[in-house]
Protein chains: 2
Amino acid sequence: MTVKTETTKQHILNTGYELILSKGFSAMGLAELLKTAEVPKGSFYHYFNSKEHFGEAVIADYFSNYVELLDTLLVQTPGSGLERLMNYFERWLEFENGRCKAHKCLIVKLGAEVSDLSDTMREELLKGAELITAAIAQCIELGIKDGSIDSQNSLSSANTLYHLWLGATLMSKLTQSLEPLQSALNATRSLLKK
Amino acid sequence: MTVKTETTKQHILNTGYELILSKGFSAMGLAELLKTAEVPKGSFYHYFNSKEHFGEAVIADYFSNYVELLDTLLVQTPGSGLERLMNYFERWLEFENGRCKAHKCLIVKLGAEVSDLSDTMREELLKGAELITAAIAQCIELGIKDGSIDSQNSLSSANTLYHLWLGATLMSKLTQSLEPLQSALNATRSLLKK
């Protein structure tokens, strides 16, 4: 029974995540979500108090998976600090289910739209962004120690890199091409190795 | 009569721009726009075929003003290439009518939300982003010539800077602080002068 319950909740979260990636948050109707997920309204309200509460849960679920990815790529995978970081950023250009991985980023997709609409969703996104920046900074520290990265201040370099990639992702949504991400990859290499 | 006509259209555009900055595009209802602008529905449809067409017009109007600003700051204002660029980016942190200027940027506010919803709005935003990047690149060229800027490739440096500032603006919406923009300002100085 617990398994079924978990599965239904997770299924609604996954469906909502995909819909949000295509349409954004405001344009995703609750009726559309329920229809796509093939669950009754009662099921939704069993797990979530409101659409906003659901939005928070989608973001939290996204980052709980993302934290594992960061751990795998930036902590567990062998290699110098520079190699691990480049490997992490190269993945932003890869495709998965027809979508470039950068375009699966909820911070880019939702950040500007919801930051003025919902404080709780904004805070959930911010927590995620801070986790990512901290993991990048930690990997830069590693690279400074192993001599693969040249940086005076790991946290400020991490902020610069992360801002660069958020902006490049936004531009690649406008150009509908990987070019801005490719340009960010080149800039990352030269920023870390100057 | 022409003056009145122009004024009504511009008034609807200005009201829509402010509403979009607060709520995004999907969450801005047409009824709300008409009520805030205090114009009848007929007036709106006299100038715009649809909400999407209105969105395109708001973006085009925004960039027609922005192009003048770029010309003033990056072409007409005296100073080295570096001084002009730093002056331009410093303005992103200034406040106007209670809103930080960076947060008045339609590319950050709308880019991710509308790029998957409307090709015409996406293309209008892209045209604007390309104008800005080209103006930054031209100013970097000037700085290379006058010796104030060190860059191997003005267009690729312009892309990096612009991506950095888009991402920092997005993060400053999440943190509700100027810190990410301040960090982008420091990074800009060191990117251009290394």
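Colleague: Describe the environment of B:Asn14, with residues and values.
Modeller: Here B:Asn14 is to be found in helix 1 (residues 2-23). With 44 residues separating them in the primary sequence, B:Asn14 and B:Val58 have C-alpha atoms 7.7 Å apart.

Colleague: Can you explain the relation of the copies chain A and chain B? Please cite residues and give values.
Modeller: Each copy superposes on the other: chain A lies on chain B with an RMSD of 0.0 Å after a rotation of 180° and an axial shift of 0.0 Å. Taken together, these values place the two copies in the relation of a two-fold axis. Comparing contact sets, 100% of the residues at the interface of chain A also lie at the interface in chain B, consistent with an isologous, same-surface contact.

Colleague: An account of the interface of chain A and chain B is needed here, citing residue identities and associated values.
Modeller: Listed by partner, the interface residues are 38 residues for chain A and 38 residues for chain B. Carbon and sulfur atoms make up 66% of the area that chain A and chain B hide from each other, which totals about 3,200 Å². The interface formed by chain A and chain B contains four salt bridges. Note that B:Lys173 and A:Asp116 form a salt bridge whose closest N and O atoms lie 3.2 Å from each other. Linking chain A to chain B there are ten residue pairs in polar contact (both at pLDDT 80 or more). Where the side of chain A that touches chain B is concerned, the elements lending two or more residues are helix 1 (2-23), helix 6 (106-115), helix 7 (119-146), helix 8 (154-175) and helix 9 (179-193) of chain A. Top element by residues in the side of chain A that touches chain B is helix 8 of chain A. It accounts for 13 residues. Grouping the constituent residues of the side of chain A that touches chain B by class yields 19 nonpolar, eleven polar and eight charged.

Colleague: Describe the packing of aromatic side chains, listing the residues and the values that go with them.
Modeller: According to the stated counting rule, one finds 28 aromatic pairs over all chains in the structure shown. Between the aromatic rings of B:Phe44 and B:Phe48, the centroid separation amounts to 5.2 Å while the plane-to-plane angle is 50°, which identifies the pairing as tilted. Neither residue differs from the other here; B:Phe44 and B:Phe48 are each classed as buried. Plain terms: the ring middles of B:Tyr62 and B:Phe63 are 4.9 Å apart, the flat faces sit at 70° to each other, and that makes the pair edge-to-face. Note on accessibility: B:Tyr62 and B:Phe63 belong to one class, buried. Clustering of aromatic rings is evident, with ring pairs tying together A:Phe44, A:Tyr45, A:Tyr47, A:Phe48 and A:Phe54. Over the ring of A:Phe25 we find A:Lys51, and its NZ or CZ is 4.6 Å from the ring centre.

Colleague: Can you break down the packing of helix 8 of chain A against helix 6 (residues 106-115) of chain B residue by residue, with the values?
Modeller: Helix packing geometry: the angle between the two helix axes and the distance between the axes. Look at helix 8 of chain A against helix 6 of chain B: their axes get within 9 Å of each other, and the N-to-C directions meet at 55°. With respect to their mutual orientation, helix 8 of chain A and helix 6 of chain B come out oblique. Regarding helix 8 of chain A and helix 6 of chain B, the two cross each other, and that crossing is left-handed. Residue-level contacts link A:Leu170, A:Lys173 and A:Leu174 of helix 8 of chain A to B:Ile107, B:Val108, B:Gly111, B:Ala112 and B:Ser115 of helix 6 of chain B. Residues belonging to the contact of helix 8 of chain A with helix 6 of chain B are distributed by class as follows: five nonpolar, two polar and one charged.

Definitions and limits used
Starting from 1, residues in each chain are numbered consecutively following that chain's sequence as written. For naming, the first written chain is A and the first written ligand is 1, with later ones following in the order written. For a predicted model such as this one, the threshold for reporting local features is a pLDDT of at least 70, and the threshold for listing and counting side-chain atom pairs is 80 or more; totals across whole chains, interfaces and linings nevertheless cover every residue. Side-chain figures throughout are based on the complete set of non-hydrogen atoms in the structure, without hydrogens or water. Secondary structure elements follow DSSP: runs of H or I of four or more residues count as helices, runs of E of two or more count as strands, with numbering from the N terminus. Least squares is used to superpose the copies, and the fit set is the C-alpha atoms of residues whose pLDDT is at least 70 in both copies. Working rule for contacts: check all heavy atoms of both residues, and any pair within 4.5 Å makes them a contact. Accessible area that two parts lose when put together, with a 1.4 Å probe and added across both, is what the buried area reports. We define a salt bridge as a contact between a side-chain nitrogen of Lys or Arg and a carboxyl oxygen of Asp or Glu at a distance within 4 Å. Polar contacts, as used here, are pairs of N or O atoms within 3.5 Å; protein pairs need one atom able to donate a hydrogen and one able to accept it. Residues neighboring in sequence count only if both atoms are side-chain atoms. Amino acid classes used here: Ala, Val, Leu, Ile, Met, Phe, Trp, Tyr, Cys and Pro are nonpolar; Asp, Glu, Lys and Arg are charged; the rest, including Gly, are polar. Pairing of aromatic rings covers Phe, Tyr and Trp, the last counted by its six-membered ring, and requires centre-to-centre distances within 6.5 Å; plane angles under 30 degrees mean stacked, over 60 mean edge-to-face, and any other angle means tilted. Burial classes follow relative accessibility: with a 1.4 Å probe on protein chains only, a residue under 20% of its type's maximum area counts as buried, one over 50% as exposed, and anything between as partly exposed. Any Lys NZ or Arg CZ that is within 6 Å of a ring centre and within 35 degrees of that ring's normal is treated as a charge sitting over the ring. Comment: axis = line fitted to C-alpha atoms, over the contacting stretch for helices; angle = value between 0 and 180 degrees taken between N-to-C directions. Any angle that falls under 35 degrees is termed roughly parallel, while one over 145 is termed roughly antiparallel, one within 65 to 115 roughly perpendicular, and all others oblique. We call a crossing left-handed when the near helix sits turned anticlockwise from the far one by less than a right angle, and right-handed when that turn is clockwise.

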